[in-house]
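A look at the structure
So the chains spell out like this:
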Amino acid sequence: MRKKIVAANWKMNLTLDKGEQLVNDILAAGLKLAEGHEVVIAPPFPYLVKIKQLIRNYPGISLAAQNCYSEKSGAYTGEVSAEMLQSIGVDYVILGHSERREYFAESNAQLAKKIDLALANGIKPIFCCGEPLEIRQAETQNDYVSKQLEESLFHLDAAALKNIVIAYEPIWAIGTGLTASAQQAQDMHAFIRAKIAEKYGREAALGLTILYGGSAKPSNAKELFACADVDGGLIGGASLVAADFTAIVQSF
Ligand SMILES: O=C[C@H](O)COP(=O)(O)O
């Protein structure tokens, strides 16, 4: 049975006190997580240590960073390494988010290096893929996502792949209020799983957690999560409001 995850990506939002309040409100809601279900919180770097302390007694809640650098260590002012994240107990790292690809020109090849460093430090990558609007309109989204998977993940062996989570995030649905329909999400998730099966075999594909991200909210989460190949969500805007995020978690 593969793991189901709802992850909160705060992006560059909230101050430390507001972030702490948000986490305390989520914890106070007394989330009831079924076996194999996990909540992941991805605050900005400066809050990781503090948020780790807040969630330490909640076994189903894990911590993610929103990025790490593609080199091991050295003179890279302002960057944060996978080893640093490992040293403070980070469990997951979001890699390849479309905002990083767009604003920081992250390439599939650079992401492959980040993935290797995260895995080498015992941190599970949440690897984001997804197409822009013009690709969706041209109906070439499967080719686009295939290339992202091939160039950033397919150098891994089957054992390493077990520690990867994939998040499908159609760029046209991120922060726009436009959600992919449940059918669009299911079609792409099934395509990704088939692509993984082709390369790594059916068992590996069936064990892979694939999240949906893009304007997921309490009103559409249930329908999205009910899709056979959708194993949870990577939530942006709605993760900043405790009531919305907990409602999404309860839609599992
Ligand atoms: O990482 C989260 C995604 O970018 C989705 O963001 P959103 O829920 O604000 O559309």
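Note that the structure is a prediction, hence the values are computed from the model and not measured.

Turning our attention to the packing of helix α1 (residues 16-28) against helix α2 (residues 48-55). When two helices pack together, you describe them by how their axes are tilted relative to each other and by the distance separating the axes. Relative orientation of the contacting elements α1 and α2 amounts to 20 degrees, with a least axis distance of 10 Å. It follows that α1 is roughly parallel to α2 by the angle criterion. Viewed along their axes, α1 and α2 form a crossing whose handedness is right-handed. Here α1 contributes Leu-16, Gly-19, Glu-20, Val-23 and Asn-24 to the contact with α2, which in turn contributes Lys-50, Ile-51, Leu-54 and Ile-55.

So, on to the UniProt feature "binding site: substrate" (unreviewed entry) in the protein chain. Per the UniProt record, the feature "binding site: substrate" (unreviewed entry) sits at Asn-9, Trp-10, Lys-11, Gly-175, Ser-215, Gly-236 and Gly-237. Spanning 229 residues, the annotated positions come together in the fold, the maximum distance between their C-alpha atoms being 13.9 Å. In this fold, Gly-175 is placed in the loop between β6 (165-168) and α9 (182-200). C-beta crowding within 10 Å serves as the criterion here: with 12 such atoms nearby, Gly-175 is assigned to the exposed category. Beyond its immediate chain neighbours, meaning those up to four positions away, Gly-175 contacts Gly-236 and Gly-237. On the basis of neighbour count, Ser-215 is assigned to the buried category, with 20 C-beta atoms found within 10 Å. The residues contacting Ser-215, other than those within four sequence positions of it, are Ala-173, Thr-176, Gly-177, Leu-178 and Thr-179.

Parameters at a glance
Residues numbered from 1 in each chain as written. Predicted model: local features only at pLDDT ≥ 70, side-chain atom pairs only at ≥ 80, totals over all residues. Axes fitted to C-alpha atoms, helices over the stretch in contact; angles between N-to-C directions. Helix = DSSP H or I, 4+ residues; strand = E, 2+ residues; numbered from the N terminus. Parallel < 35°, antiparallel > 145°, perpendicular 65-115°, else oblique. Left-handed = near helix turned anticlockwise from the far one by under 90°. Contact = placed C-beta atoms within 7 Å. UniProt positions renumbered as here; feature names shortened; annotations may be inferred. Buried ≥ 20, exposed ≤ 12 C-beta atoms within 10 Å, placed from the backbone.

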